[in-house]
Structures are given as C-alpha cells and as structure tokens.
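Coordinate analysis (summary)
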Amino acid sequence: GLFIQLVPIMQGNGLSLAMAATIVGIFGSSSIVGRLLIGYLLDRLPTRMLSVAVFLLPVPATLLLWQSSGSVPMAIAAAAVFGLAGGGQTDILAYLAAKRFPKAAFASTYGVATAVFALTASLGPLLAAALFDAWQSYVPFLLMIIPMVCVGALLIWLVPSHSVADRAGASARAEVP
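Okay, so let's go over this structure. (Residues numbered from 1 in each chain as written. Predicted model: local features only at pLDDT ≥ 70, side-chain atom pairs only at ≥ 80, totals over all residues. Heavy atoms only, no water.)

With that settled, the discussion passes to the overall build of the protein chain. Looking only at helices and strands, the protein chain features eight helices and zero strands. Sequence-ordered secondary structure for the protein chain, helices as α and strands as β, is α-α-α-α-α-α-α-α. Along the longest, intermediate and shortest principal axes, the C-alpha atoms of the protein chain span 70 × 30 × 20 Å. Residues classed as buried in the protein chain amount to 35% of the 177 residues present. A fraction of 71% describes how many contacts in the protein chain between residues 6 or more apart in sequence connect residues 24 or more apart. Total accessible area computed for the protein chain in this model is approximately 9500 Å², and 74% of it derives from carbon and sulfur atoms. Of note, the protein chain has its 8 positive side-chain charges centred 7 Å away from the centre of its 5 negative side-chain charges. (Helix = DSSP H or I, 4+ residues; strand = E, 2+ residues; numbered from the N terminus. Buried < 20%, exposed > 50% of the residue type's maximum accessible area, 1.4 Å probe, protein only. Contact = heavy atoms within 4.5 Å. Areas by Shrake-Rupley, 256 points an atom, 1.4 Å probe, with all protein chains shown as cover. Lys, Arg positive; Asp, Glu negative; His and termini not counted. Charge placed at Lys NZ, Arg CZ, Asp CG, Glu CD.)

Moving on: the packing of helix H4 (residues 58-67) against helix H5 (residues 72-99). Relative to each other, H4 and H5 sit at 155°, their axes nearing to 8 Å. In terms of orientation, H4 and H5 fall into the roughly antiparallel class. Along this stretch, H4 crosses H5, giving a crossing that reads as left-handed. Residue-level inspection shows Pro58, Ala61, Thr62, Leu64, Leu65 and Gln67 of H4 in contact with H5, the latter providing Met74, Ala77, Ala78, Val81, Phe82, Ala85 and Gln89. (Axes fitted to C-alpha atoms, helices over the stretch in contact; angles between N-to-C directions. Parallel < 35°, antiparallel > 145°, perpendicular 65-115°, else oblique. Left-handed = near helix turned anticlockwise from the far one by under 90°.)

Time to look at the environment of Leu63. Tracing the backbone through its elements, the reader meets Leu63 in helix H4. The exposure class assigned to Leu63 is partly exposed, which follows from its relative accessible area of 37%. Between the alpha carbons of Leu63 and Ser30 there is a distance of 18 Å; along the sequence they are 33 residues apart.

Between the first and last C-alpha of helix H7 (residues 139-157) there are 28 Å, a value that for 19 residues agrees with the 27 Å anticipated at 1.5 Å per step. Buried residues of H7: Pro140, Phe141, Leu142, Ile145, Ile146, Val149, Ala153 and Ile156, and no others. (Expected span 1.5 Å × (residues − 1).)

Turning our attention to the packing of helix H2 (residues 17-42) against helix H3 (residues 47-56). Closest axis-to-axis distance for the H2/H3 pair is 10 Å, and the angle between their directions is 160°. With respect to H3, the axis of H2 lies roughly antiparallel. For the pair H2 and H3, contact is made by Ile38, Leu41 and Leu42 and by Thr47, Leu50, Ser51 and Val54, respectively. Looking at side-chain class alone, the contact of H2 with H3 contains five nonpolar, two polar and no charged residues. (Nonpolar A, V, L, I, M, F, W, Y, C, P; charged D, E, K, R; others polar.)

Take the nonpolar core next. One finds Leu2, Leu6, Ile9, Met10, Leu65 and Phe141 to be the most contacted residues of the largest nonpolar core, which totals 25 residues. With residues up to four places along the chain from it excluded, the contact list for Leu6 reads Val24, Phe27 and Leu65. Formed by 14 residues, the second largest nonpolar core is a distinct cluster that contains Val52, Leu93, Leu96 and Val159. (Core = buried A, V, L, I, M, F, W, Y, C linked by side-chain atoms within 4.5 Å.)

Here we take up the environment of Leu42. Its location among the elements puts Leu42 in helix H2. Considering only alpha carbons, one finds Leu42 and Tyr95, 53 residues apart in sequence, at a separation of 8.0 Å. Discounting residues that sit within four places of it in the chain, Leu42 has contacts with Thr47, Leu50, Ser51, Asp91, Ile92 and Tyr95.

With that out of the way, let us pick up unusual backbone geometry. The backbone of Ser69 shows a phi angle near 40°, a positive value even though the residue is not glycine. In this fold, Ser69 is placed in the loop between H4 and H5. We note that Gln136 has phi near 55°; this positive angle belongs to a residue other than glycine.

This is the structure we're talking about:
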C-alpha cells in the first residue's frame, strides 16, 4: 500500500511534486526489472533464502525513505528497492504456489495468497492516511511497515520446502519393501 502514498511521503520529506512524481516512475521501471530478475533467480538460487530476502527488501527501502530528508539520491534508491521488491514478490507468490503445494491446490493456494496480498495492499493506503491525519506525519506509517514486512518474510520462511505431494510420494516410496 505504500505506492499510493509515495508521492505525498516524498513531498513531506521536502521534494517537489514534479521530482516526487519522477522518482515514482523509477518505482515502476524497477518493478519490471524485479519481475524479470527474480524470475531468473528463482530457477538458479535456493528459493527460501531468495524469497525471504526479496520480502525483506522493503525494510532498507523504508529506512532510506524515512531518512531521505529531501535527498533525491536516497529517494531514488528507496523507490528502486521498493519497485524491485514489489515486482519480485508477485512472481514469488506464483512460484511458491506452483512448486511448494500440491498441483490440485494451485488455484486455491495462489488465490488465497493473492487475496491476502491484495487486501494488505488496499488497506495500506487507508492506514497511511489515517496515521497521517492523526500525526501529521508519515513517520508512524513508515515505522509500522518494518514489523509488517518482517511478519510477511517470516510467513514466506514457513512455506514448506517441498510440496505436500512430493513428501507423500517420498514417504510411500520409503515404505515399499
């Protein structure tokens, strides 16, 4: 839900509307790069570690944005990292649903994961706006992102290493005399 509030957050940090809007364009470009890069890496690196790392990317990006204080390079770095994370997380959800859960449950698994992702993405801007109205600052929202991101990364860490079907097949093969 941060994307919707990114321009006002950057304006609150001292950037002009034009500069903030330009930097948000970098967010969009880096999300495409994130989708391509993470898709490539999912086939080549250990999935669990890569997935957790991608889901934790918003932590340094949030800290960069929080501390940017009108710094264009820091705002650009934060937007680029948020974009990489956003693009990569989408592909990771599909990959994990396809590879780590029974094939017969793909639609249900991916549907639930996407629904949770969509729900949090839609509630994020509301939470940001409510906190801004209460505190006249986006800092409380930025600080709340960090534990939420950590919970998300923990949930990704808890995804089974192998699909339930693979484990059942391995158990059945182990029991054959």
